[in-house]
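Coordinates in review
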Amino acid sequence: MEKDLTHGNTLKLIISFCIPLIGGAIFQQLYNVVDTMIVGRFVGVDALAAVGSTGSLNFLIIGFVLGLAAGFGIPIAQAFGAREEKRMLQTIMNAFYLCIFFSIVLTVLTHFTTETLLTWMQTPTNIFKQSYDYISIIFYGLTCTIAYNFLASVSRALGDSKTPLIFLIISSVLNVVLDLSMIINFHMGVRGAALATVIAQGISAVLCFIYMAKKYPNLRFDHHARSISFPIIKKLINIAVPMALQYSITAVGAVILQSAVNTLGSAKVAAIAQKLSMFFTQPMDMMGSTMATFSGQNLGAGKIERIFKGIKESMLLVIGYGIVACIFMIFFGKYLSLLFVAGNETGVINDAQQFLICNSIFYFVLGILFVSRNTIQGLGKSALTMLAGGAELVARAFVAFALVGKFGYNAICFANPIAWFAAIIILIPTLVILMKKLKKEHS
């Protein structure tokens, strides 16, 4: 079940590790995509806009959770690569304690701030209540989200990217069934869609925990492993919190941009375009996640040259994928919008296609961003990536405050590419300098 990424053909290992991650990411996106499709078809366009208008706020919090989980996995991967089993087990338990702490803090925080944040985002009054109903239930289920993503992060740190996928597929199917039942049979509207997502995520976490407890022979926690270690907690926080904040800083820019979208009355267009774009960028995102584990394990093993080779090969893979995805969007993006709205919504469909084409042309830049950022994080230098997140924030804020008023929806379509370029201007030199430093230290 565990996979050692410090030996063997690097390209083969990277691809074999990444494929289950891509499958898991696609099914995780299906949670949100299915919500949007069913809501748009069976509840109405306003409900679709309500779900879509919460996307950036959702990413603000869920992104923080994903960053935490990924960050906790890096010291675990480093200990696994160094063959230090006792340190690995104690790191897992202390990360678990931190998960409990952050679950409580984030649930309480979102309870008191969600309504205010939706107001600051200038959420239209006709969809405000539905937006609040949807996102508040998602936030009440943060414990389920944190639990699954932490368990998945532990599994991936040990080189097993298949186990989380299996249970995520099961819960994705359950999510579809619950969506249809709660919306069509019980008429719960957007609340039903949100509740279905939370329940499915919780079941996925429980199943993953049961399986890992039975099938991972190395995960046996004695008294020493269960003890609190403040040096380990400090290391976990130093790596995971900057990663989480980096996600959230990026999301703040998305929230600002969403406010501009709301003022243009394009919430339903953004809901469709963002969902589709996120779906098609998942393979590149997961290649980045692969490099975080790959670089973490190989750093622990002291194999810097393997990290160099992995960076080059993963860069070529994401650039190639970005080109293929762009071609697909140009020819078929328009038809994908029909999954969400009826064919007579021509204005929405055409605007969504414009967004998808403008973004997909620069997917290769986003792929370079993912690989660079996650490799830096896997090397334990996640604080450095916050600068790139800040650059994305500034870029999106610039578009929202300086360009949307002048260029309208056209500015929205190019906001993401501008932010991506701003980030890699920082990430690429940072990665080059860091790798040269590591090579010098280990030589």
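Small disclaimer: the values here were computed from a predicted structure and weren't measured.

**Some words on the confidence of the model for the chain**
- For the chain, per-residue confidence averages 85 on the pLDDT scale, and 91% of positions sit at 70 or higher.
- Within the chain, the element-level pLDDT minimum falls on helix α2 (residues 45-53), averaging 76, and the maximum on helix α14 (residues 363-378), averaging 94.

**A short note on the state of the cysteines**
- Going through the model one piece at a time under the given rule, you end up with 0 disulfides.
- With no disulfide partner, C413 has as its closest neighbouring cysteine sulfur the one in C358, 4.7 Å distant.
- Of the residues examined, C413 reaches a relative accessible area of 0% and is grouped as buried.

**What about the environment of L66?**
- Examined against the element boundaries, L66 turns out to sit in helix α3 (residues 55-81).
- With relative accessibility at 29%, the residue L66 sits in the partly exposed group.
- Sequence-wise, L66 and L379 are 313 residues apart; in three dimensions their C-alpha atoms are separated by 18 Å.

**Describing the packing of aromatic side chains**
- The full count for this structure, using the stated rule, is 9 aromatic pairs.
- Ring centres of F328 and F332 lie 5.1 Å apart, and the angle between their planes is 35°; this geometry places the pair in the tilted category. A residue pair is termed a helical-turn pair when its members lie 3 or 4 positions apart in one helix, as F328 and F332 do in helix α12 (residues 304-336) at 4 residues.
- Taking relative accessible area as the criterion, F332 reaches 43% and is therefore assigned partly exposed.
- Three or more aromatic residues joined by ring pairs make a cluster, and in this case those are F279, F280, F328 and F332.

**Some thoughts on the pattern of salt bridges**
- Under the definition given, this model contains 6 salt bridges.
- For the salt bridge of E392 with R396, the shortest nitrogen-to-oxygen distance reads 3.2 Å. With E392 and R396 both in helix α15 (residues 382-407) and 4 residues apart, the pair spans about one turn of that helix.

**Observations concerning the nonpolar core**
- L68, F72, M88 and L158 are the most contacted members of the largest nonpolar core, which has 56 residues in total.
- At 12 residues, α3 tops the list of elements feeding residues into this core.
- Formed by 43 residues, the second largest nonpolar core is a distinct cluster that contains M287, F294, L369 and L427.

**Points about unusual backbone geometry**
- Despite not being glycine, R83 has its phi angle at roughly 65°, a positive value.
- With phi around 55°, H187 is a residue other than glycine that occupies positive phi space.
- Checked against the element boundaries, H187 lands in the loop between α7 (163-185) and α8 (189-215).

**A closer look at the environment of P20**
- By the secondary structure assignment, P20 is in helix α1 (residues 10-42).
- Placed 18 residues apart in sequence, P20 and I38 show a C-alpha to C-alpha distance of 26 Å.
- Here P20 is in contact with S161, K162 and L165, once residues within four sequence places are set aside.

**Considering the packing of helix α4 (residues 85-120) against helix α6 (residues 142-157)**
- Contact geometry of α4 with α6 gives a least axis separation of 9 Å together with a crossing angle of 155°. In this view, α4 runs roughly antiparallel relative to α6, as classed from their interaxial angle. At the point where α4 passes α6, the crossing takes the right-handed sense. Contacts from I92, A95, F96, C99, F102, S103, L106, T107 and T110 in α4 reach L142, T143, I146, F150 and V154 in α6.
- Residues of the contact of α4 with α6, tallied by class, amount to 10 nonpolar, 4 polar and no charged.

**A short note on the packing of α12 against helix α17 (residues 415-442)**
- Two elements in contact, α12 and α17, have axes whose closest approach is 9 Å; the angle formed by their N-to-C orientations is 155°. With respect to α17, the axis of α12 lies roughly antiparallel. For the pair formed by α12 and α17, the contact residues are I304, E305, I307, F308, I311 and M315 on the first element and I428, L431, M435, K436, L438, K439 and H442 on the second.
- Looking at the contact of α12 with α17 residue by residue, the class counts come to 9 nonpolar, 1 polar and 3 charged.

**Some thoughts on a nonpolar patch on the surface**
- Where nonpolar side chains cluster on the molecular surface, the patch consists of I323, I327, F328, I330, F331, F332 and Y335 and spans about 710 Å² of accessible area.
- With respect to the helices and strands, the residue I327 is situated in helix α12.

**Side note on α3**
- Look at α3: 37 Å from first C-alpha to last across 27 residues, which is about the 39 Å you get at 1.5 Å a residue.
- At I61, α3 shows its maximal kink, close to 30°.
- Among the 27 residues that make up α3, 23 are buried, leaving the element largely enclosed by the rest of the structure.
- Once α3 ends, the next one or two residues include R83, with phi positive near 65°.

About the cut-offs
- Residues numbered from 1 in each chain as written.
- Predicted model: local features only at pLDDT ≥ 70, side-chain atom pairs only at ≥ 80, totals over all residues.
- Heavy atoms only, no water.
- pLDDT = per-residue confidence, 0-100.
- Helix = DSSP H or I, 4+ residues; strand = E, 2+ residues; numbered from the N terminus.
- Disulfide = S-S within 2.5 Å.
- Buried < 20%, exposed > 50% of the residue type's maximum accessible area, 1.4 Å probe, protein only.
- Phe/Tyr/Trp six-rings, centres within 6.5 Å; stacked < 30°, edge-to-face > 60°.
- Salt bridge = Lys/Arg side-chain N within 4 Å of Asp/Glu carboxyl O.
- Core = buried A, V, L, I, M, F, W, Y, C linked by side-chain atoms within 4.5 Å.
- Contact = heavy atoms within 4.5 Å.
- Axes fitted to C-alpha atoms, helices over the stretch in contact; angles between N-to-C directions.
- Parallel < 35°, antiparallel > 145°, perpendicular 65-115°, else oblique.
- Left-handed = near helix turned anticlockwise from the far one by under 90°.
- Nonpolar A, V, L, I, M, F, W, Y, C, P; charged D, E, K, R; others polar.
- Patch = residues over 30% accessible without salt bridge, like charges linked within 9 Å, V, L, I, M, F, W, Y side chains within 5 Å.
- Areas by Shrake-Rupley, 256 points an atom, 1.4 Å probe, with all protein chains shown as cover.
- Expected span 1.5 Å × (residues − 1).
- Bend = angle between axes of the 7 residues up to and from the residue.

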